[in-house]
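# Fold and contact review
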Amino acid sequence: MSIQGSANQFVCDLIAYEPGKPIEETARELGLQPEDIVKLASNENPLGPSPLAKEAMRAAIDEGQYYPDGGGWKLRKAIAERYGLGMESVVLGNGSNEIIELLCHSFLNPRVGLIAAEHAFVVYKLMAALFGANYVEVPDPGFVHDLDAMAEAITEETRLIFIANPNNPTGTLVGEEAIDRFMDRLPDHVVAVFDEAYHEFLADPPDTVKYVKEGRNVCVMRTFSKAQGLAALRIGYGLASESVAGLLQRARQPFNANAIAQAGALAALHDHEHVAKTVANNEVGLQFYHEEFAKRGLRFVPSVANFVLVEVGDGDAVFQKMLKEGVIVRAMRGYKLPEWIRISVGTPEQNRRCLEILDRCFTD
Ligand SMILES: *Cc1c(COP(=O)(O)O)cnc(C)c1O
């Protein structure tokens, strides 16, 4: 008998998450220099990490022999103050992806399940599979979460309901009115999870933290990976009512958020200048892509995040062609969108190069 026979069937069946192709790997495979490659595949910050975070992280390296503060006191306190919450409502994660996993650890098993939108962030589905739990997918007409239909889909077996807002890969947002209506219908046995990784990019973000303050069964997830440019450090957090947060605290590893990341995140939390520059660069880039796609008659989903989904015909082929020219984008087959690619907003120069290479895919 192979060892697979001893393993959990739902782990054997799992299809691993396929991340954006790394620059180094692409350079190695194509014989290019890493500096000649543009990565617009993982919604990373084209302006780099927050400069204040870089300084704080350099200083933190000198204390590298010590285990981190497992309780994350300073960072959690600063985050709690930012939102007017108690520290007990803040849970740090090894990226906000870990918060997703902690929620699944706390609530899922093979007898219950979670609900997400049809084109939601794919990690929810992978996590449900990892816990052998039931995954219910609700259609999202026009690529927008249909919260009424999602509320309708709740059953006795539902434990978690994920709302990525704005959603990745669609870049679409549901507004506060729809959220309020949804929360009015949320039964007590279900936790509503608002994944707000792109929150900083929104001009008029819906308020979901109010539900944490009200002690409702919600978890609002944020990350330092996107607007603050700290994706490499793996640091994010969940804001939740004390009872939900207490469960997540029990489910996590003692030192899940490393000390360098905690120091960087604390500094980045106060680096309003870097976030403002990042958001300004993003607005210019989004407008550029939207206008240029429209000019070419390409179908795209208008985005409020830092990436755009565009229909190109054969997404895998376009991805491969662009890769050979040193521009890494993301094919969307894994999202059941084989005709689309997702492009992250870069600097104006990177955006122009990306579009030029994309154009070449259609002419040759
Ligand atoms: C990028 C992203 C995250 C952030 O993941 P981290 O683990 O914090 O890097 C979470 N949710 C969505 C929808 C994302 O696109």
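### Here we look at helix α13 (residues 315–324)
Here α13 has its buried residues at Gly 315, Val 318, Phe 319, Met 322 and Leu 323. An end-on view of α13 places all buried positions within 135° of arc, on one side of the element. Where α13 is buried, its residues contact α2 (23–30), β11 (327–328), β12 (330–331), β13 (340–344) and α14 (348–363). In this structure Asp 314 caps α13, since a side-chain oxygen of it lies 3.2 Å from the backbone nitrogen of Asp 316. One or two residues past the end of α13 sits Gly 326, with phi positive at roughly 85°.

### Some words on the packing of aromatic side chains
All chains considered together, the criterion is met by ten aromatic pairs. Considering the side-chain rings of Phe 224 and Tyr 237, the 5.7 Å spacing of their centres and the 50° angle between planes classify their relative orientation as tilted. Of this pair, Phe 224 sits in the loop between β7 (218–223) and β8 (236–240) while Tyr 237 is found in strand β8, placing the two residues 13 residues apart along the sequence. With a relative accessible area of 1%, Phe 224 lands in the buried category. Residue classification places Tyr 237 among the buried positions, given a relative accessible area of 3%. Considering the side-chain rings of Phe 288 and Tyr 289, the 5.5 Å spacing of their centres and the 65° angle between planes classify their relative orientation as edge-to-face. Relative accessible area serves as the criterion here: at 21%, Phe 288 is assigned to the partly exposed category. When its relative accessible area of 0% is taken as the criterion, Tyr 289 is described as buried. Three or more aromatic residues joined by ring pairs form one cluster here, namely Phe 288, Tyr 289, Phe 293 and Phe 300.

### Focus on the nonpolar core
Judged by nonpolar contacts, the single largest core of 84 residues is most densely connected at Ile 79, Leu 103, Tyr 124, Leu 160, Phe 224 and Leu 239. By residue number, the principal contributor to this core is helix α5 (residues 96–107), which donates six residues. Viewed by domain, this core spans two of them, domain 1 (3–48 + 273–363) and domain 2 (51–271), each represented by three or more residues. With residues near it in sequence (within four places) discarded, Leu 160 still touches Leu 103, Cys 104, Phe 107, Leu 108, Gly 113, Leu 114, Ile 115, Val 190, Val 191 and Val 193. In this structure, Ile 37, Phe 293, Phe 300 and Val 329 belong to the second largest nonpolar core, which totals 28 residues.

### Things to note about the pairing of β8
Burial analysis of β8 places five of its five residues in the buried class, the great majority of the element. Of the two faces of β8, the one lined by Gly 236, Gly 238 and Ala 240 and the one lined by Tyr 237 and Leu 239 are each fully buried. As judged from the four bridges shared by strand β2 (residues 90–93) and β8, these two strands associate in the antiparallel manner. Following the sheet pairing, Val 90 is matched in β8 by Leu 239. The sheet contact formed by β7 and β8 spans five bridges and is antiparallel. Residue Met 221 lies in a different strand from β8, and its bridge partner there is Gly 238.

The rules behind the values
Residues numbered from 1 in each chain as written. Predicted model: local features only at pLDDT ≥ 70, side-chain atom pairs only at ≥ 80, totals over all residues. Heavy atoms only, no water. Buried < 20%, exposed > 50% of the residue type's maximum accessible area, 1.4 Å probe, protein only. Helix = DSSP H or I, 4+ residues; strand = E, 2+ residues; numbered from the N terminus. Arc of directions from axis to C-beta. Contact = heavy atoms within 4.5 Å. Polar contact = N/O pair within 3.5 Å; in protein donor to acceptor, adjacent residues only side chain to side chain. Phe/Tyr/Trp six-rings, centres within 6.5 Å; stacked < 30°, edge-to-face > 60°. Core = buried A, V, L, I, M, F, W, Y, C linked by side-chain atoms within 4.5 Å. Domains from an automatic or database assignment. Pairing = 2+ DSSP bridges.

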